[in-house]
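# Working through the structure, step by step
Below, each chain spelled out in residue letters.
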Amino acid sequence: MGAESQIQHSNPSSMTMAQFLAWKRQKDDEASARRAEAARKRAEDIAAGTVQMNGRELFAHEPWVFDNTLY
């Protein structure tokens with residue numbers, strides 16, 4: 001059983017750690033770019049009035065709506 005655990009399998013399609021980290025960095029950058037583009041488009045749509053704002057966006061853009069000092 002000890003000899004079986006020490007056998008290393010050579011897989012021609014395996015990745016090195018450097019290759020994996022480069023791939024991961026690329027995927028993270030692509031995901032970040034997609035999120036930034038979606039946020040930019042959402043902000044443009046809100047400014048144009050084509051979509052409704054959620055509560056957080058409304059509070060960030062028009063905080064006077066939530067002013068309770070008048071009551």
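Look up: the structure comes first, before these words.
Residues numbered from 1 in each chain as written. Predicted model: local features only at pLDDT ≥ 70, side-chain atom pairs only at ≥ 80, totals over all residues. Heavy atoms only, no water.

Turning our attention to the overall build of the protein chain. Helix and strand content of the protein chain: three helices and zero strands. Along its sequence from the N terminus, the protein chain presents helices and strands in the succession α-α-α. Counting every position in the protein chain, which comprises 71 residues, the buried fraction comes to 4%. (Helix = DSSP H or I, 4+ residues; strand = E, 2+ residues; numbered from the N terminus. Buried < 20%, exposed > 50% of the residue type's maximum accessible area, 1.4 Å probe, protein only.)

A cluster of nonpolar side chains, Met15, Met17, Phe20, Leu21 and Trp23, forms an exposed patch at the surface whose accessible area comes to about 520 Å². Along the chain, Met15 falls in the loop between α1 (2-5) and α2 (17-48). Among the residues examined, Met15 registers a relative accessible area of 49% and is labelled partly exposed. (Patch = residues over 30% accessible without salt bridge, like charges linked within 9 Å, V, L, I, M, F, W, Y side chains within 5 Å. Areas by Shrake-Rupley, 256 points an atom, 1.4 Å probe, with all protein chains shown as cover. Salt bridge = Lys/Arg side-chain N within 4 Å of Asp/Glu carboxyl O.)

Under the defined criterion, the tally for this structure stands at two aromatic pairs. With 5.8 Å between their ring centres and 35° between their planes, Phe20 and Trp23 make a pair best called tilted. Pair noted here: Phe20 and Trp23 are both in helix α2, with a separation of three residues, about one helical turn. A relative accessible area of 40% means that Trp23 is categorised as partly exposed. (Phe/Tyr/Trp six-rings, centres within 6.5 Å; stacked < 30°, edge-to-face > 60°.)

Turning next to the pattern of salt bridges. If you walk through the whole model with that rule in mind, you get five salt bridges. Residue Glu44 is joined to Arg40 by a salt bridge in which the shortest nitrogen-to-oxygen separation is 2.4 Å. Taken together, the residues Glu44 and Arg40, both in helix α2 and four residues apart, mark about one turn of the helix. Judged by relative accessible area, Glu44 falls into the partly exposed class, the value being 44%. For Arg40, a relative accessible area of 38% puts it in the partly exposed group.

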